[in-house]
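Structural description and commentary
Residues per chain, in single letters:
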There are 2 protein chains.
Amino acid sequence: MNFSSKLIEGAVQAFATLPGIGRKTALRLVLHLVNKPVEVSEQFAEAILSMRQNIKSCDVCGNLADEPVCGICSDTRRDQGLVCVVESIRDVMAIEDTLQFRGLYHVLGGVISPLEGIGPNDLNIDALVRRAESGSIRELIMAISPTIEGETTIFYLSKLLRGKPVQISTIARGVAFGGELEYADELTLGRSIVTRIPYKMQED
Amino acid sequence: MNFSSKLIEGAVQAFATLPGIGRKTALRLVLHLVNKPVEVSEQFAEAILSMRQNIKSCDVCGNLADEPVCGICSDTRRDQGLVCVVESIRDVMAIEDTLQFRGLYHVLGGVISPLEGIGPNDLNIDALVRRAESGSIRELIMAISPTIEGETTIFYLSKLLRGKPVQISTIARGVAFGGELEYADELTLGRSIVTRIPYKMQED
């Protein structure tokens with residue numbers, strides 16, 4: 001595309017570096033901003049800059065935070081003895097959106113993946129061990145994707161935490177709610193039969 | 001979505017105001033920037049800000065410009081007597097990309113559309129009349145979409161410019177190159193028969 005303007009070209013290139021945004025989409029976004037008052041672009045740029053320059057990693061759990069300790073870790077109404085170990089910040093958001101968990105989190109920042117060159121030292125594991133040793137945590141729930149890398153990470157962590165005063169559990173795996181049996185993959189279906197649970201009658 | 005961070009929330013909202021970007025996509029873009037060095041976000045914000053604060057509308061043609069007169073109008077190698085009248089800046093880019101036109105442009109900024117409340121006074125028409133009266137322009141090519149609003153605009157302009165020393169033409173309409181006849185709409189196909197042109201044998 002021929003922009004006949006270095007300024008437009010620069011802004012299009014800036015947007016096009018973002019994931020999933022090509023040059024055509026970038027141009028549409030730039031022309032949108034051109035057609036709005038200059039204040040709109042100023043507020044947009046300020047929101048991005050202020051976020052990036054001030055965002056912190058929570059000293060306790062590794063989640064994104066506005067303060068040294070994140071809003072979840074500093075919320076005393078939450079169960080401080082129950083910690084959910086997750087790969088990423090997105091997983092924290094996904095679990096928070098379920099409204100089913102009122103404990104704390106620990107964000108590893110990834111999973112062990114020799115193929116991608118990610119070893120235990122690249123993850124937020126030392127802090128997890130310290131939290132487990134502190135005695136304030138009763139249970140660690142491994143909410144990690146059931147992939148080879150995820151299972152490897154859970155195995156590594158459970159070996160590392162052996163003997164620490166915490167119980168380790170993993171989230172339940174099985175056929176998804178609302179899913180039809182015939183469309184479940186064989187591994188999930190097979191495992192869900194092996195790890196079947198006693199049926200509890202719903203009481204009104 | 002629960003972000004547990006006002007900074008992330010603000011940046012997600014900023015991205016989500018852009019057209020075609022929802023909150024999930026916005027979050028993906030924000031997390032991308034969080035995972036990159038702070039300089040990446042600074043350069044991104046600077047490119048947007050500098051573009052929006054410094055971009056101008058060309059005094060001659062209404063195209064976007066870095067200087068008071070745009071790069072196309074100030075290019076003396078282009079045919080200054082041939083002017084293509086278009087609706088928007090996107091059309092300038094589309095025509096430039098064809099590499100088939102070496103004249104100048106005039107950007108109207110829209111078409112006459114009573115339904116949307118856009119009248120002749122909302123468009124860049126006065127400047128077009130002045131350019132046509134100046135005597136430096138030989139031909140005005142109306143490269144306006146063949147819609148009802150577009151045809152109305154061409155009709156209005158041709159009445160307004162009657163008696164001025166310029167020839168008015170419109171871009172050719174017909175069956176698209178590479179298109180199959182049976183898939184052309186009836187109006188286009190019918191008009192392309194009425195406005196047929198003499199066949200010229202290709203000479204080597």
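Once that is clear, we can look at the domain arrangement of chain A. Put simply, an interface is often sized by how much accessible area is lost when its parts join up. When cut into domains, chain A gives domain 1 (6-54) and domain 2 (72-198). Between the C-alpha centres of domain 1 of chain A and domain 2 of chain A there is a distance of 37 Å.

Considering all chains together, one arrives at 7 aromatic pairs over all chains under this definition. Clustering of aromatic rings is evident, with ring pairs tying together F15 and F44 of chain A together with F15 and F44 of chain B.

Moving on: the packing of helix α1 (residues 6-16) of chain A against helix α2 (residues 23-34) of chain A. Residues and elements named next belong to chain A. Closest axis-to-axis distance for the α1/α2 pair is 8 Å, and the angle between their directions is 125°. As summarised for this structure, α1 and α2 are arranged oblique, according to the angle between their axes. When you trace α1 past α2, the crossing you get is right-handed. Along the contact surface, α1 presents I8, E9, A11, V12, Q13, F15 and A16, while α2 presents R23, A26, L27, L29, V30, L33 and V34. Counted by class, the contact of α1 with α2 contains 11 nonpolar, 1 polar and 2 charged residues.

Further remarks concern the relation of the copies chain B and chain A. Note on the copies: chain B fits chain A at an RMSD of 0.1 Å, the axial shift is 0.1 Å, and the rotation between them is 180°. The transformation relating the two chain copies, once decomposed into turn and shift, fits a two-fold axis. Taking C-alpha positions as reference, the residue of chain B nearest the rotation axis is A45 of chain B, located at 2.3 Å. A shared binding surface is used by both copies, with 100% of the interface residues of chain B retained as interface residues in chain A.

With 49 residues of chain B at the contact, the number on the chain A side is 50 residues. For the pair chain B and chain A, the summed buried area comes to about 4700 Å², and 72% of that belongs to carbon and sulfur atoms. Here chain B and chain A share 0 salt bridges between them. Counting across the interface, chain B meets chain A through 15 residue pairs in polar contact (both at pLDDT 80 or more). Those elements that provide at least two residues to the side of chain B that touches chain A are α1 (6-16), α2 (23-34), α3 (38-54) and α4 (89-98) of chain B. Of the residues forming the side of chain B that touches chain A, the biggest block, 13 residues, is contributed by α3 of chain B.

Turning next to the pairing of strand β3 (residues 79-86) of chain A. Residues and elements named next belong to chain A. By the criterion of burial, β3 is predominantly enclosed, with 6 of the 8 residues buried. Note that β3 and strand β4 (residues 103-107) share 5 bridges and pair parallel. Paired with V85 across the bridge in β4 is H106. Taking the sense of rotation as the criterion, the β-α-β connection linking β3, helix α4 (residues 89-98) and β4 turns out right-handed. In terms of strand pairing, β3 meets strand β5 (residues 139-142) through 4 bridges, oriented parallel. Within the sheet, the bridge partner assigned to C84 lies in β5 and is I141.

All names here are of chain A. Inspection of the entire model under this criterion finds 12 salt bridges over all chains. Notably, a salt bridge pairs R138 with D79, separated by 2.8 Å at the nearest N-O pair. Remark: D79 occurs in strand β3 and R138 occurs in the loop between α5 (126-133) and β5; sequence separation between them is 59 residues. What makes D79 partly exposed here is its relative accessible area of 29%.

Right, let's get into the confidence of the model for chain A. Confidence in the prediction of chain A, expressed as mean pLDDT, is 89, and 97% of residues score 70 or more. Two summary scores accompany this predicted model of the complex, namely pTM at 0.78 and ipTM at 0.80.

The interhelical angle for the contact between helix α3 (residues 38-54) of chain A and α1 of chain B, taken along N-to-C directions, is 150°, at an axis separation of 8 Å. Looking at the two axes, α3 of chain A sits roughly antiparallel to α1 of chain B. Remark: the crossing between α3 of chain A and α1 of chain B carries left-handed chirality. Contacts between α3 of chain A and α1 of chain B involve F44, A47, I48, S50, M51 and N54 of chain A from the first element and L7, I8, G10, A11, A14 and F15 of chain B from the second. Across the contact of α3 of chain A with α1 of chain B, the residue classes break down as 9 nonpolar, 3 polar and no charged.

Reading guide: rules and limits
Residues numbered from 1 in each chain as written. Chains lettered and ligands numbered in written order. Predicted model: local features only at pLDDT ≥ 70, side-chain atom pairs only at ≥ 80, totals over all residues. Heavy atoms only, no water. Domains from an automatic or database assignment. Phe/Tyr/Trp six-rings, centres within 6.5 Å; stacked < 30°, edge-to-face > 60°. Axes fitted to C-alpha atoms, helices over the stretch in contact; angles between N-to-C directions. Helix = DSSP H or I, 4+ residues; strand = E, 2+ residues; numbered from the N terminus. Parallel < 35°, antiparallel > 145°, perpendicular 65-115°, else oblique. Left-handed = near helix turned anticlockwise from the far one by under 90°. Contact = heavy atoms within 4.5 Å. Nonpolar A, V, L, I, M, F, W, Y, C, P; charged D, E, K, R; others polar. Least-squares fit on C-alpha atoms with pLDDT ≥ 70 in both. Buried area = accessible area lost by both parts, 1.4 Å probe. Salt bridge = Lys/Arg side-chain N within 4 Å of Asp/Glu carboxyl O. Polar contact = N/O pair within 3.5 Å; in protein donor to acceptor, adjacent residues only side chain to side chain. Buried < 20%, exposed > 50% of the residue type's maximum accessible area, 1.4 Å probe, protein only. Pairing = 2+ DSSP bridges. Right-handed = clockwise from strand over helix to strand, strands pointing away. pLDDT = per-residue confidence, 0-100.

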